[in-house]
Amino acid sequence: MAFSENLIKQRKIKGFTQDDIAEAMNVSRQSVSKWENGESQPDIGKIVKLADLLEVSLDTLFDRDNAIKTEQKIVATQDVKIGFSSNGKRAIIIGLLILILVGVVGFFIGLSWKQHTTQIGGAEQISVSGVDISSSREEGYYDVEFVPSVYKEGYTYTIRASDGLNHSTSCEAVFENGKCIGKMKLSENEHYTFILQIEYNGEIQNITLAQKVWL
């Protein structure tokens, strides 16, 4: 069963509406609708929050319980044919579970954001990680967050969002609590590419934070 189907099932079990989920998750009802229609999926942080809200495990939300049972049946069949020891079976099961976990985490990281690096100031190696784009409490606005490896006096971080139609908006990212945060007014149901512009000592470098993000 797909994530979207499980989300609908668990939401109905709890007696929640899409509006209830949207309010609790601080997103629009349209975003919840897209999750349930399979048009998009929330980032890993929201998935964890969603599981807590529905009071289910991530395994249940992604129907990994059945997947694990299937893998265990395959291992048991192979054990009969090849004659593995109990230790061998245990090692195979653990290995399969690790592969499943790595695959799920890698999938969402791949859907979300990659870490990027760029050279600036002649010797300074800048890397950006922990990129997150989510709807703000202020309607129509989105918070863009990332963690820079270098942030000190003289650096300016500017976030630019472009919809691919020569329309763009930008804002300066403010550093607080170990990360940079910028707030942007963006339209829903649009694709955006997010570029980070770093300026230091008159030099400007660009890093692609995310491409074709559907809001």
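The coordinates are above.
**Q** I'd like to hear about the pairing of strand E3 (residues 141-148), residue by residue, with values.
**A** Counting buried residues in E3 gives 6 out of 8 residues, a clear majority hidden from the surface. Bridge count between E3 and strand E7 (residues 179-185): 6 bridges; the pairing is antiparallel. Looking at the pairing, phenylalanine 146 lines up with cysteine 180 of E7.

**Q** Which residues make up the packing of helix H2 (residues 18-25) against helix H3 (residues 29-37), and what are the values?
**A** Contact geometry of H2 with H3 gives a least axis separation of 8 Å together with a crossing angle of 115°. Comparing the axis directions of H2 and H3 gives the class roughly perpendicular. The chirality of how H2 crosses H3 is right-handed. Facing Gln18, Asp19, Ile21, Ala22 and Met25 of H2, the residues of H3 in contact are Arg29, Val32, Ser33, Trp35 and Glu36. Among the residues making up the contact of H2 with H3, the classes are represented as 5 nonpolar, 2 polar and 3 charged.

**Q** Before we move on, could you go through unusual backbone geometry and cite the residues and values that matter?
**A** The phi dihedral of asparagine 26 is positive, around 60°, even though this residue is not glycine. With respect to the helices and strands, the residue asparagine 26 is situated in the loop between H2 and H3. Residue class for asparagine 26 comes out partly exposed when judged on its relative accessible area of 29%. Backbone geometry at asparagine 201 places phi at a positive 55°, although glycine is not the residue there. With respect to the helices, strands and loops of the structure, asparagine 201 is situated in the loop between strand E8 (191-200) and strand E9 (203-214). Judged by its relative accessible area of 63%, asparagine 201 is exposed.

**Q** Got a sec to walk through helix H1 (residues 3-14)? Specific residues and values, please.
**A** Over its 12 residues, H1 extends 16 Å from the first C-alpha to the last, a length consistent with the 16 Å expected when each residue adds 1.5 Å. When H1 is considered as a whole, its buried residues turn out to be Phe3, Ser4, Asn6, Leu7, Gln10 and Arg11. One side of H1 carries all its buried residues, which in axial view fall inside an arc of 160°. For H1, the exposed residues set more than 90 degrees away from the buried face come down to Lys12 and Ile13.

Cut-off values and rules
Residues numbered from 1 in each chain as written. Predicted model: local features only at pLDDT ≥ 70, side-chain atom pairs only at ≥ 80, totals over all residues. Heavy atoms only, no water. Buried < 20%, exposed > 50% of the residue type's maximum accessible area, 1.4 Å probe, protein only. Helix = DSSP H or I, 4+ residues; strand = E, 2+ residues; numbered from the N terminus. Pairing = 2+ DSSP bridges. Axes fitted to C-alpha atoms, helices over the stretch in contact; angles between N-to-C directions. Parallel < 35°, antiparallel > 145°, perpendicular 65-115°, else oblique. Left-handed = near helix turned anticlockwise from the far one by under 90°. Contact = heavy atoms within 4.5 Å. Nonpolar A, V, L, I, M, F, W, Y, C, P; charged D, E, K, R; others polar. Expected span 1.5 Å × (residues − 1). Arc of directions from axis to C-beta.

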